[in-house]
Amino acid sequence: MSVVGVASAHAQTLNMLAWEGYADDSFVKPFTEDTGCEVSAVYVGSNDEFFAKLMAGGGQYDLISPSNDTTMKLIDAGLVDPVDMSKVPNSKDFFPAFESPAWLTKDDEIYGVPYAWGVIRILVDADAVDSPPESLGFLWDPKFKGKIAMWDDIETVYTAGRYLGIEDIYDMNDEELAKVKEALLELKPNIRKYWFTTSEMGTLMQGKEVVAGNSWEETLVKLNEEGRDIIDVEPKEGRGGWSDSWMIAKGASDNECVYKWLDYVSSPEAQALGHKVTGFGYANTKLIDELTPEETDSFEALGMSDPETLKTVSWWQPVKQRAKYLEIWNQVKAAQ
């Protein structure tokens, strides 16, 4: 059975399967006005959706934006085309870490254009704690019963693994996974909701339905803009990190809008607009030159302009027992 897609039927339309915020009007509209290429996006809530939807018949998509723990799985399955980086001249200004990352490289070919990156932020309302927490353990404090929201994603399994001090959270054995499951079940009384999109998490914290949880930069930035005092916890156990890339769905390279988009969103101007929407870091080192002084302060406070930040997070990795991790996660969510 063939698993490859075909090029989009409409050459002047780009159909995307992407994370929320990756096709925002603030930077899509200028692109469309300049190129005539219309953009249609379907948002996902987890990396597993990219693989599942392309395997189910990805011909309706031209571009996808998976994270670095999923890219090689897509490459190995033959679901994406290699990228001709000579057609993406803005990539010359990328951070060294994104010039030819291992998660996009196979047989000397590049299969994606690095885009956004970030740290899984551990957030807590400053009014809910006496001082900034130093450990992930605060999430398990009984005083937060019904006041925590965690991402409905395998990252929350990783978070529990970090809390338990497991050495390699991306390659846990059955005994370690059993301990993680137990820890997640112990956390469950504190859970108000497992969120699916960052807008959900933002709404929960805006309304003070929850006081803490994990999220992305977007939630932190928006809450800070509203004047909320939110602590960006830097736990001693560490935090997860990810890198998303634009990949071309199999057969879509002939869509004339594909490379126009790839170079456009690699420019510092477009990535600065993207940062204003998401709060994420981006691959182009010159992005910071496009920000206002106030935005620059915020960007630097998040550590997004510092190459060292790229070295200090627990970068997502492919997980050999991913099905087992997801099985445990689903069992935790289903538990009463």
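As a starting point, this report considers the structure included with it. The structure presented is a predicted model; accordingly, all values stated were derived computationally and were not measured.

### Examining the overall build of the protein
Argument step 1. In terms of regular secondary structure, the protein is built from eleven helices and 15 strands.
Argument step 2. On C-alpha atoms alone, the protein measures out to a radius of gyration of 20 Å, which is about the 20 Å that the 2.2 N^0.38 rule sets for 336 residues.
Argument step 3. On the principal axes, the C-alpha backbone points of the protein span a range of 55 × 50 × 30 Å.
Argument step 4. Split into buried and exposed, the 336 residues of the protein put 55% on the buried side.
Argument step 5. Contacts in the protein between residues far apart in sequence, at least 24 positions, make up 76% of those at least 6 positions apart.
Argument step 6. For the protein, the exposed surface amounts to about 14,200 Å²; the carbon and sulfur share of it is 49%.

### Describing the nonpolar core
Argument step 1. Core analysis: the largest hydrophobic core is formed by 112 residues, its most contacted members being L14, Y22, L63, L139, W246, W261 and L262.
Argument step 2. Broken down by element, the residue count for this core peaks at six residues, all from helix α8 (residues 256–264).
Argument step 3. With residues up to four places along the chain from it excluded, the contact list for L262 reads L63, V83, V88, V113, W246 and I248.

### Quick look at the pattern of salt bridges
Charged atoms that come close allow side chains of opposite charge to pair.
Argument step 1. Inspection of every chain in the model, using the stated rule, returns 18 salt bridges.
Argument step 2. In this structure, K193 engages E200 in a salt bridge whose closest nitrogen and oxygen atoms are separated by 2.7 Å.
Argument step 3. Each of R121, E217, D232 and R239 takes part in a single network of salt bridges with overlapping partners.

### Considering a negative patch on the surface
Argument step 1. A surface patch of like charges, here negative, comprises E225, E226, E294, D297 and E300.
Argument step 2. For the negative patch, the leading source of residues is helix α10 (residues 293–301), giving three residues.
Argument step 3. Summarising the element assignment, E294 is placed in helix α10.

### Thoughts on helix α7 (residues 217–225)
Argument step 1. Within the span of α7, buried status applies to E217, E218, T219, L220, V221 and L223.
Argument step 2. G227, located one to two residues past α7, shows a positive phi value of around 85°.

### What about the environment of T285?
Argument step 1. Tracing the backbone through its elements, the reader meets T285 in the loop between β14 (281–282) and α10.
Argument step 2. A sequence separation of 241 residues divides T285 from V44, and the C-alpha atoms of the two residues are 27 Å apart.
Argument step 3. When sequence neighbours within four positions are dropped, the list of residues in contact with T285 reads D93, F94 and F95.

### What about the sheet that holds strand β10 (residues 191–195)?
Argument step 1. With mixed pairing, five strands are arranged side by side in an open sheet as β10-β9-β11-β8-β12. A single partner strand is all that each edge strand has here, and the edge strands are β10 and β12 (230–233). Each adjacent strand pair in this sheet contributes to an overall mean axis angle of 25°, direction not counted.

### What about the state of the cysteines?
Argument step 1. If you walk through the whole model with that rule in mind, you get one disulfide.
Argument step 2. Disulfide pairing is shown between C37 and C257; the S-S distance is 2.1 Å. A torsion of -85° about the S-S bond marks the disulfide between C37 and C257 as left-handed. Placement of C37 in the loop between α1 (25–35) and β2 (38–44) and of C257 in helix α8 is noted, with a sequence separation of 220 residues between them. Each member of the pair, C37 as well as C257, is classed as buried.

### Description of the packing of aromatic side chains
Argument step 1. Going through the model one piece at a time under the given rule, you end up with 26 aromatic pairs.
Argument step 2. Taking the centre distance of 6.4 Å and the plane angle of 75° together, the rings of F95 and F98 count as edge-to-face. Residues F95 and F98 agree in their burial class; the two are buried.
Argument step 3. Measuring from centroid to centroid gives 5.0 Å for Y194 and W329, while their planes differ by 75°, and the two rings are edge-to-face. Here the residue Y194 occupies a position in strand β10, and W329 occupies one in helix α11 (residues 322–334), the gap between them amounting to 135 residues.
Argument step 4. In this structure, K73 is placed above the aromatic ring of F51, and the distance from its NZ or CZ to the ring centre is 4.3 Å.

Thresholds, definitions, all that
Residues numbered from 1 in each chain as written. Predicted model: local features only at pLDDT ≥ 70, side-chain atom pairs only at ≥ 80, totals over all residues. Heavy atoms only, no water. Helix = DSSP H or I, 4+ residues; strand = E, 2+ residues; numbered from the N terminus. Rg over C-alpha atoms; globule rule 2.2 N^0.38 Å. Buried < 20%, exposed > 50% of the residue type's maximum accessible area, 1.4 Å probe, protein only. Contact = heavy atoms within 4.5 Å. Areas by Shrake-Rupley, 256 points an atom, 1.4 Å probe, with all protein chains shown as cover. Core = buried A, V, L, I, M, F, W, Y, C linked by side-chain atoms within 4.5 Å. Salt bridge = Lys/Arg side-chain N within 4 Å of Asp/Glu carboxyl O. Patch = residues over 30% accessible without salt bridge, like charges linked within 9 Å, V, L, I, M, F, W, Y side chains within 5 Å. Lys, Arg positive; Asp, Glu negative; His and termini not counted. Charge placed at Lys NZ, Arg CZ, Asp CG, Glu CD. Pairing = 2+ DSSP bridges. Axes fitted to C-alpha atoms, helices over the stretch in contact; angles between N-to-C directions. Disulfide = S-S within 2.5 Å. Phe/Tyr/Trp six-rings, centres within 6.5 Å; stacked < 30°, edge-to-face > 60°. Lys NZ or Arg CZ within 6 Å of the ring centre and 35° of its normal.

Spatial relationships are all this shows, so hold off on functional conclusions.
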